[in-house]
Amino acid sequence: MATEFRNFLQLSYEELEDLNLHAKEQRKNRIDVGKLQEERLKYLTDEKRIKAVTVLFSDLEGRLHMLDYDKKFLVKSWDNLTFDGSSIRGFTAQHESDLRLGMDWSAFYWAPAEYFGAGKVLVFGEVIDKDGTPFSADMRGMLKAYAKGLHAKHDYTLNAANEIEGFLFKGIDAERHYHEIGKFEYVNTGGYYHSLPGDPLRSFIDTVAEVQRAMGFENEKDHPEVAPSQFEINYGYGEVVAAADQIQLYKLICREVATSMGFSASFLPKPVVGVNGSGMHTNVSITKGGKNIFWDPKGLEKISTFAWKFVDRILTHGNDICLALNPSVNAYRRLDPHFEAPNQIKASAVDRGSMVRIPIGNERSARVEVRSVAPDANPYMVLLSVFKTGLDGETSKIKNLRQAARYLPDNIYDAIKNFETAEWTTTLFSKDVKGRFADLKRGSADRCPRLLGTFVKSQEVQYHHEVYNQFLWNMF
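So, here is what we can say about the structure in this document. (Residues numbered from 1 in each chain as written. Predicted model: local features only at pLDDT ≥ 70, side-chain atom pairs only at ≥ 80, totals over all residues. Heavy atoms only, no water.)

Our next topic: the side chain of K346. Position of K346 among the secondary structure elements: in strand β13 (residues 344-348). With a relative accessible area of 14%, K346 lands in the buried category. Beyond its immediate stretch of four places on either side in the chain, K346 contacts L315, D351, S354, M355, V356, R402, Q403 and A404. (Helix = DSSP H or I, 4+ residues; strand = E, 2+ residues; numbered from the N terminus. Buried < 20%, exposed > 50% of the residue type's maximum accessible area, 1.4 Å probe, protein only. Contact = heavy atoms within 4.5 Å.)

Right, here's the structure in full:
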């Protein structure tokens, strides 16, 4: 189609980075919501080259949804955007379906036109109930309210950075077509830190890193991971809601770039038998008045007593929240100690099989790393679970809590049972939302084969069916 008469917004990567970093700084400095709203609406009105605004929100399971609103319509109607909540998994019943989308004007992004479309900008939405309150099944809204309350009451800023592993496979929509050949095909077999310029995996990683940089991610390092065709692209920490938004954008960017190259980016926790699975190691810390209160140069492993109490509460409730951190049948294949999987409910500075690790840090970087998190989890639910548990949970009286011989569930049914029977998860999510989430997870599990053998060769066919079913019925 001819394009000579069009004049849609297409910015260079340098211009995109400048705009996104400025918006990120505004968000970090908690610029008044009214001022941001006025600024964004004026920008949308004045910038004639913008044709549409893409609004993003996530369902209860963490699946990202995107709606394009015509720019002129949104500028006039941004405060009355309604949608059918009964069409979104985990939201509302048909007889109470009407929900609204509010604009989080602080979560505003400019994106490369070749991957997101010319003339578009992105903004995250907040799901609003009929009575005007935040919708209880919108984990983003719940996380934002919790973080805002802690900042107002204690001057706490919750910080997070996630190390998200994934696989790059040959073919577009490789997960959907899995049943046709019964396997995933690697794009390379190099392994940890091993790649060459021009290698397909290296080219993919480089391109994703460029897009992330343009979108204000402030990259740190990227590399192939241990398993063949596996990758990890790291970026800086941020305030907790912004960090969760970046997880959603990270996976979206990876999938868009992979598709453009004729590949598929997969965030299944264990897509291939016999090699390491993918995790989403979740690094967290808390600052007060700009000071990292997890840091103590004289403390055990150089973290504070406050931080150790945070760890103890997570260990106490490890089994309770496991389903929120590992929400799919496939995730429990990853929790296998033969592949560096963190299935032990203990804390350690060195043992990577521990649920919680204490990385080497300093005054700025001291943190707690929760390792037993799957990349197909709802990031808002994960971070709400980790922070609220670490700050408000109970502490077990069992002897040697940090090193006791306890393990996370090895199958989703035990995880669902722990989740449903725990009083703590009702406190975390409310009885209603807890029940909805457990029902969704049980329904997905019931549609998958029961046997979860990892090593036995004869079970690989069973595994192939499970991966395909997991994708179809528990998409993330």
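From this point on, the discussion continues.
As a further point, take empty space enclosed by the protein. A probe as big as a water molecule, rolled over the atoms, marks out the empty space that is left. Enumeration according to the criterion identifies two cavities of 30 Å³ or more in this entry. The space that makes up the largest cavity amounts to roughly 60 Å³. Every residue lining the largest cavity is listed: L9, Q10, L11, L16, W110, A111, P112, A113, G117, G119 and K120. When its residues are assigned to classes, the lining of the largest cavity shows seven nonpolar, three polar and one charged. (1 Å grid on protein atoms, 1.4 Å probe; cavity = no way out; pocket = protein on both sides within 12 Å on 5 of 7 lines; lining within 4 Å. Points joined across faces, edges and corners; volume = space filled by probe spheres on them. Nonpolar A, V, L, I, M, F, W, Y, C, P; charged D, E, K, R; others polar.)

Evaluation of the coordinates by the stated rule reveals 23 aromatic pairs. With a centroid separation of 5.1 Å and 70 degrees between ring planes, the pair formed by F91 and F135 is classed as edge-to-face. Pair noted here: F91 is in the loop between β3 (81-84) and β4 (98-110) and F135 is in the loop between β5 (120-128) and α5 (139-154), with a separation of 44 residues, a long-range link. Take F91: its relative accessible area is 2%, and that puts it in the buried class. The buried category is assigned to F135, whose relative accessible area is 3%. Measuring from ring centre to ring centre gives 5.5 Å for F167 and F169, while their planes differ by 10 degrees; the resulting arrangement is stacked. There is no split in this pair, since F167 and F169 are both buried. One aromatic cluster is present, built from ring pairs that chain together F204, F217, F231, Y235, Y250 and F267. (Phe/Tyr/Trp six-rings, centres within 6.5 Å; stacked < 30°, edge-to-face > 60°.)

This next bit is on the sheet that holds strand β1 (residues 52-58). Within the open sheet, the five strands sit side by side as β2-β1-β5-β4-β3. Their pairing is mixed. Edge positions in the open sheet fall to β2 (64-70) and β3, since each of these has one partner strand only. The mean angle between the axes of side-by-side strands here comes to 40 degrees, regardless of whether they run parallel or antiparallel. Of the pairings in the sheet, the one linking β1 to β5 comprises five bridges and is parallel in character. Within β5, the residue paired with L56 across the bridge is F124. (Pairing = 2+ DSSP bridges. Axes fitted to C-alpha atoms, helices over the stretch in contact; angles between N-to-C directions.)

Right, let's talk about the nonpolar core for a bit. Counting residues in hydrophobic clusters, the biggest one holds 128 residues, and the most contacted among them are L158, F204 and F231. For this core, the leading source of residues is helix α8 (residues 240-260), giving twelve residues. Discounting residues that sit within four places of it in the chain, L158 has contacts with Y146, A147, L150, G238, E239, V240, S285, I286, F387 and L391. In this structure, F169, A174, V272 and V275 belong to the second largest nonpolar core, which totals nine residues. (Core = buried A, V, L, I, M, F, W, Y, C linked by side-chain atoms within 4.5 Å.)

Turning to helix α2 (residues 33-46), a few remarks are in order. The end-to-end C-alpha separation of α2 is 20 Å, in line with the 20 Å expected for 14 residues at 1.5 Å each. Packing partners of the buried residues in α2 comprise α1 (13-28), β1, α3 (71-77), β4 and β5. For α2, the capping residue at the N-terminal end is D32, with a side-chain oxygen 3.0 Å from the backbone nitrogen of G34. (Expected span 1.5 Å × (residues − 1). Polar contact = N/O pair within 3.5 Å; in protein donor to acceptor, adjacent residues only side chain to side chain.)

Most of strand β6 (residues 156-170) is tucked away, with 14 of its 15 residues classed as buried. Bridge analysis of β6 against strand β8 (residues 230-235) gives three bridges, and the strand direction is antiparallel. Bridge pairing in β8 links G166 to F231. Across four bridges, the pairing between β6 and strand β10 (residues 263-266) is antiparallel. Counterpart to L168 in the pairing with β10 is A265.

In this section: the packing of helix α7 (residues 200-214) against α8. In the contact formed by α7 and α8, the axes pass within 10 Å of each other and the chain directions differ by 130 degrees. Classified by the angle their axes make, α7 and α8 are oblique. The handedness of the crossing between α7 and α8 is right-handed. Across from F204, T207, V208, V211 and Q212 in α7, the residues of α8 making contact are Y250, I253, C254, V257 and A258. In terms of residue class, the contact of α7 with α8 is built from eight nonpolar, two polar and no charged. (Parallel < 35°, antiparallel > 145°, perpendicular 65-115°, else oblique. Left-handed = near helix turned anticlockwise from the far one by under 90°.)

Under the definition given, this model contains 23 salt bridges. Note that E47 and R49 form a salt bridge whose closest N and O atoms lie 3.0 Å from each other. Of the residues examined, R49 reaches a relative accessible area of 28% and is grouped as partly exposed. A salt bridge links R89 to E61, with the nearest nitrogen and oxygen atoms 2.7 Å apart. With R89 in the loop between β3 and β4 and E61 in the loop between β1 and β2, this pair connects stretches of sequence that are 28 residues apart. Within the structure, one salt-bridge network assembled from shared partners comprises R27, D104, E126, R140, K144 and D245. (Salt bridge = Lys/Arg side-chain N within 4 Å of Asp/Glu carboxyl O.)

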